[in-house]
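Residues per chain are reported as follows:
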Amino acid sequence: MTGRWAKLHAHAAISSLGRLRRQWLGSVMTAAAIGIALALPAAFVVAMDNLESAMDGWQGAPRASVFLDTGTAADQYATIAARIDGLDGIRGVRLITPDEALTEYRQSSGVSDPLAMLDANPLPAVVVAELAARLGPESVDRLVGRLRALPAVADLRLDRDWMARLAAIIDLGNRITALVALLLGLTVILVLFNTLRLDIENHRREIEITRLIGGTNAFIRRPFLYTGVWYGIAGGLIAGLLLAIAVTSVADPVQRLASLYGSGFRPSGPGLTGTLTLVGAGALLGLSGAWLAVGRHLSAIEPP
């Protein structure tokens, strides 16, 4: 029974592929339309992934300045900095000793004489901790709490406005991506619905004869469903190819722009996983569109 079922599906898949091959020009155009519709939301996803990757490696990534107590012994600076570096959510740290802080202050402000009159260096040691760019607000709050709880920590400064802007940009991009994906997914279904409707009408006589000789609805419906799946698979492959071409075409300009900001970022495409996801999404949308078309129009065809 299982072997017969598999043979029926294999025959339907191959026969539907043969139909597409015989009308290859129209099939290519339909698959290209589906590919473009799938490529647009996928381009948003790739763009958002690259944006987050670029922010991770950008020199302007969120930083926390951890000020140590002025009474902390100098031999404890490195230990405290290493402890901060070991916390989850910290990408790296830079220790600024009081002497280094004083030198930087003199160089940036040009003020030296008033400081020279002081008996001791009033500036504390600072550990500049670089945070992971993808930390959410709750994760940042937990990390700030752990930093404040460390011994010898006197104060902490964090650029929350920068992180809030980044989170808002990413959230907006994700919402736009979801909306575009929904709208273009419906477009794919409608394209396939109309294509399969015309295909069913073109084979109306064949369907009527098949029903006269006892063909079941499942037998008649199967090739059209596989046609929708083939369209979706072809559209997913085309979408992956379009994305790869687009990323390759902008890779060098983006890399030159990133280098001006001291970053070695290079944009990445959908890759094998992303392409397979597009193919799977295309196949699912193709099956959905075909199922709607077949269910709507096949029931209206009755043998004379």
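The structure under discussion appears in the preceding block.
Predicted model, so just to flag it, every value in this text is computed and none were measured.

Definitions and limits used
Residues numbered from 1 in each chain as written. Predicted model: local features only at pLDDT ≥ 70, side-chain atom pairs only at ≥ 80, totals over all residues. Heavy atoms only, no water. Helix = DSSP H or I, 4+ residues; strand = E, 2+ residues; numbered from the N terminus. Buried < 20%, exposed > 50% of the residue type's maximum accessible area, 1.4 Å probe, protein only. Contact = heavy atoms within 4.5 Å. Patch = residues over 30% accessible without salt bridge, like charges linked within 9 Å, V, L, I, M, F, W, Y side chains within 5 Å. Areas by Shrake-Rupley, 256 points an atom, 1.4 Å probe, with all protein chains shown as cover. Salt bridge = Lys/Arg side-chain N within 4 Å of Asp/Glu carboxyl O. Arc of directions from axis to C-beta. 1 Å grid on protein atoms, 1.4 Å probe; cavity = no way out; pocket = protein on both sides within 12 Å on 5 of 7 lines; lining within 4 Å. Points joined across faces, edges and corners; volume = space filled by probe spheres on them. Nonpolar A, V, L, I, M, F, W, Y, C, P; charged D, E, K, R; others polar. Core = buried A, V, L, I, M, F, W, Y, C linked by side-chain atoms within 4.5 Å. Polar contact = N/O pair within 3.5 Å; in protein donor to acceptor, adjacent residues only side chain to side chain. Pairing = 2+ DSSP bridges. Axes fitted to C-alpha atoms, helices over the stretch in contact; angles between N-to-C directions.

Chemist: Please clarify how the overall build of the protein should be interpreted in this entry.
Modeler: Secondary structure assignment for the protein yields ten helices and four strands. For the protein, with 304 residues in total, the buried portion stands at 37%. Taking the contacts inside the protein whose residues are at least 6 apart along the sequence as the reference set, 82% of them involve residues at least 24 apart.

Chemist: Would you mind going over a nonpolar patch on the surface with me for this structure?
Modeler: Judged by side-chain polarity, Trp24, Leu25, Val28 and Met29 come together as a nonpolar surface patch covering roughly 460 Å² of accessible area. Within the secondary structure layout, Trp24 lies in helix α2 (residues 24–57). Overall, Trp24 belongs to the exposed group, its relative accessible area being 55%.

Chemist: Can you walk me through helix α3 (residues 77–85) in this structure?
Modeler: The α-helix advances 3.6 residues per turn, and as a result positions three or four apart in sequence lie on the same side. Listed in full, the buried residues belonging to α3 are Tyr77, Ile80, Ala81 and Ile84. Projected down its long axis, α3 shows its buried positions confined to an angular sector of 100°, all on one face.

Chemist: Looking at this structure, I do not really get the layout of surface pockets. What am I missing?
Modeler: Once rolled over the atoms, a probe with the size of a water molecule shows which space is left empty. Here the second largest pocket defines a volume of roughly 380 Å³. Together, 22 residues line the second largest pocket, and Ala42, Val45, Gly274, Thr277 and Leu278 are the ones closest to its centre. Mapped onto the lining of the second largest pocket, the elements with two or more residues apiece are α2, α7 (160–202) and α10 (271–297). Ranked by residue count, the leading element in the lining of the second largest pocket is α2, at nine residues. Along the lines of polarity and charge, the residues of the lining of the second largest pocket split into 13 nonpolar, eight polar and one charged.

Chemist: Help me understand the nonpolar core in this model?
Modeler: As a rule of thumb, nonpolar side chains are buried together in soluble globular proteins. Counting residues in hydrophobic clusters, the biggest one holds 25 residues, and the most contacted among them are Leu38, Val188, Leu196 and Phe224. At the level of secondary structure, the elements contributing two or more residues to this core comprise α2, α7, α9 (217–260) and α10.

Chemist: I'm lost on the environment of Asp88 in this one. Help?
Modeler: Structurally, the position occupied by Asp88 is in the loop between α3 and β2 (90–96). On the basis of relative accessible area, Asp88 is assigned to the exposed category, the value being 64%. Spatially, the C-alpha atoms of Asp88 and Leu131 are 9.2 Å apart, while their sequence positions differ by 43 residues. For Asp88, the residues in contact, after removing those within four places along its chain, are Leu143 and Arg146.

Chemist: Which parts of the structure should I look at to understand the pattern of salt bridges?
Modeler: Here the idea is simple: oppositely charged side chains can pair when their charged atoms come close. Taken as a whole and assessed by the stated rule, the structure comprises three salt bridges. One salt bridge in this structure joins Glu130 and Arg91, with 3.2 Å as the shortest N-O distance. In this pair, Glu130 is assigned in strand β3 (residues 126–131) and Arg91 in strand β2, connecting sequence segments 39 residues apart. By relative accessible area, which is 41% here, Arg91 ends up partly exposed.

Chemist: Could you clarify how one ought to interpret the side chain of Thr72 in this entry?
Modeler: As for its placement among the helices and strands, Thr72 is situated in the loop between β1 (63–68) and α3. Relative accessible area serves as the criterion here: at 13%, Thr72 is assigned to the buried category. Within the local environment of Thr72, its side chain forms a polar contact with the backbone oxygen of Asp69, the two atoms lying 2.9 Å apart. What Thr72 contacts, discounting residues up to four positions off in sequence, is Tyr77, Ile80 and Ala152.

Chemist: Where do I start with the sheet that holds β1 in this structure?
Modeler: For sheets, the rule is that strands pair by backbone hydrogen bonds, running either parallel or antiparallel. Spatially, the four strands line up as an open sheet ordered β2-β3-β1-β4, and their pairing is antiparallel. Bordering the open sheet on either side are β2 and β4 (153–158), each of which pairs with just one other strand. Sheet twist, expressed as the average angle between the axes of neighbouring strands with direction ignored, equals 20°. In this sheet, β3 lies alongside β2 in antiparallel orientation, the contact comprising six bridges. From the neighbouring strand, Ile96 faces β3, where its bridge partner is Val126. Where α3 meets the sheet, its contacts fall on β1, β2 and β3, and the angle it forms with β2 comes to roughly 165°.

Chemist: Whenever I open this one, unusual backbone geometry confuses me. Can you help?
Modeler: Leaving glycine out, the prevailing phi sign among residues is negative, and the prevailing peptide bond configuration is trans. One non-glycine residue, Ala152, lies in positive phi territory at about 75°. Looking at Ala152, the relative accessible area reads 22%, which means it is partly exposed.

Chemist: What is the right way to read the pairing of β3 from this model?
Modeler: Residues in a regular strand point their side chains to alternate faces of the sheet. Extensive coverage of β3 is indicated by the burial of six of its six residues. Alternating positions in β3 separate into two faces, Val126, Val128 and Glu130 on one and Val127, Ala129 and Leu131 on the other, with burial throughout. Pairing between β1 and β3: five bridges, direction antiparallel. Paired with Arg63 across the bridge in β3 is Glu130.

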